[in-house]
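As a plain string of letters, each chain reads:
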Amino acid sequence: MALCFYFDMYRCSGCRACQVACKDKNRLDVGTIFRQAFSFSVGSFPNVRGYSYSASCNHCDTPACVENCPTGAMHKAEDGTVVHDDVMCIGCATCTKECPYGIPRILPSGIAGKCDACQVRRAAGDNPVCVDACPNRALDFGEREDLLARHGGDATNRIAVLPSPEATGPNVLIHAKPAAHEASFAAVSW
């Protein structure tokens with residue numbers, strides 16, 4: 001089973017509704033976010049192009065955060081998503097250092113936290129909150145094969161601003177603009 005997020009750059013306006021909805025649902029403190037939207041620019045004047053990318057946990061096949069967690073607090077759930085056990089966490093920050101995507105965060109409470117693809121909402125039959133919040137339907141979540149069938153097979157997990165997928169096998173599908181394959185010179189995040 002390979003559950004993953006699908007992200008369509010052609011639909012994303014960079015509004016950050018996904019980021020705000022995630023922050024609100026998880027009641028995260030100021031400065032802490034589990035899903036972050038970025039805007040990138042590529043090219044040089046007068047041929048500058050831009051795109052947005054909304055990033056959260058990629059629920060990798062071989063997650064570095066899980067492999068390096070000394071207590072097992074970071075682990076894979078039965079459905080293949082990467083989840084965190086707050087009780088087992090000792091706040092060592094190993095997961096934050098080992099994740100090549102920089103996803104886990106140390107919370108003000110001193111333990112780690114990250115996107116669990118809204119595990120409780122999904123168990124109730126709902127989408128992750130970021131998916132439902134997107135006004136342009138740029139985000140989706142589900143089985144990899146179902147997402148490819150629904151959105152088309154040209155999605156990738158390789159864009160210039162992400163690390164190579166070979167090490168962890170990220171479960172993310174990106175319908176990428178051509179500019180996303182070029183090295184960016186600016187990233188703006190809020």
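Here is what the cut-offs are and how they apply
Counting of residues starts from 1 at the beginning of each chain's written sequence and follows it residue by residue. Local features are withheld for residues below a pLDDT of 70 in this predicted model, meaning they are given only at 70 or higher, and side-chain atom pairs are given and counted only at 80 or more; totals for whole chains, interfaces and linings count all residues. Computation of side-chain values: all heavy atoms of the structure, hydrogens and water removed. Only DSSP runs of H or I with at least four residues qualify as helices, and only runs of E with at least two residues qualify as strands; both kinds are numbered from the N terminus onward. To sort residues, take the accessible area from a 1.4 Å probe on protein chains only and compare it with the maximum for the residue type: under 20% means buried, over 50% means exposed, and anything in between is partly exposed. Strand pairing requires that DSSP identify at least two bridges connecting the strands. Helix axes use the C-alpha atoms of the stretch in contact, all axes being lines fitted to C-alpha atoms, and the angles between their N-to-C directions lie in the range 0 to 180 degrees. Residues are treated as being in contact if the distance between any of their heavy atoms lies within 4.5 Å.

Caption draft 1: How the structure looks around unusual backbone geometry. Geometrically, the link from Phe45 to Pro46 is a cis peptide bond, its omega value of 5° lying close to zero. The backbone of Arg27 shows a phi angle near 50°, a positive value even though the residue is not glycine. Relative to the helices and strands, Arg27 is located in the loop between α1 (17-25) and β2 (36-44). Positive phi is not limited to glycine here, since Ala117 has a value of about 55°. With a relative accessible area of 1%, Ala117 lands in the buried category.

Caption draft 2: Just the pairing of strand β9 (residues 172-175), in detail. Taking every second residue as pointing to the same face, both faces of β9 are buried, with Val172 and Ile174 on one and Leu173 and His175 on the other. As paired strands, strand β1 (residues 3-8) and β9 are joined by 4 bridges and run parallel to one another. Bridge pairing links Tyr6 to Leu173 in β9.

Caption draft 3: The pairing of strand β8 (residues 139-143), seen in detail. Within β8, 4 of the 5 residues are buried, leaving the element largely enclosed by the surrounding structure. As defined by bridge partners, β1 adjoins β8 across 5 bridges and the pair is classed as antiparallel. When the sheet's bridge partners are listed, Phe7 is paired in β8 with Leu139.

Caption draft 4: Here's a closer look at the sheet that holds β8. Pairing is mixed across the open sheet formed by 3 strands, whose spatial order is β8-β1-β9. Because the sheet does not close on itself, it has two edges, and the strands there are β8 and β9. With strand direction ignored, the average angle separating the axes of adjacent strands in the sheet is 20°. Where helix α6 (residues 144-151) meets the sheet, its contacts fall on β1, β8 and β9, and the angle it forms with β8 comes to roughly 130°.

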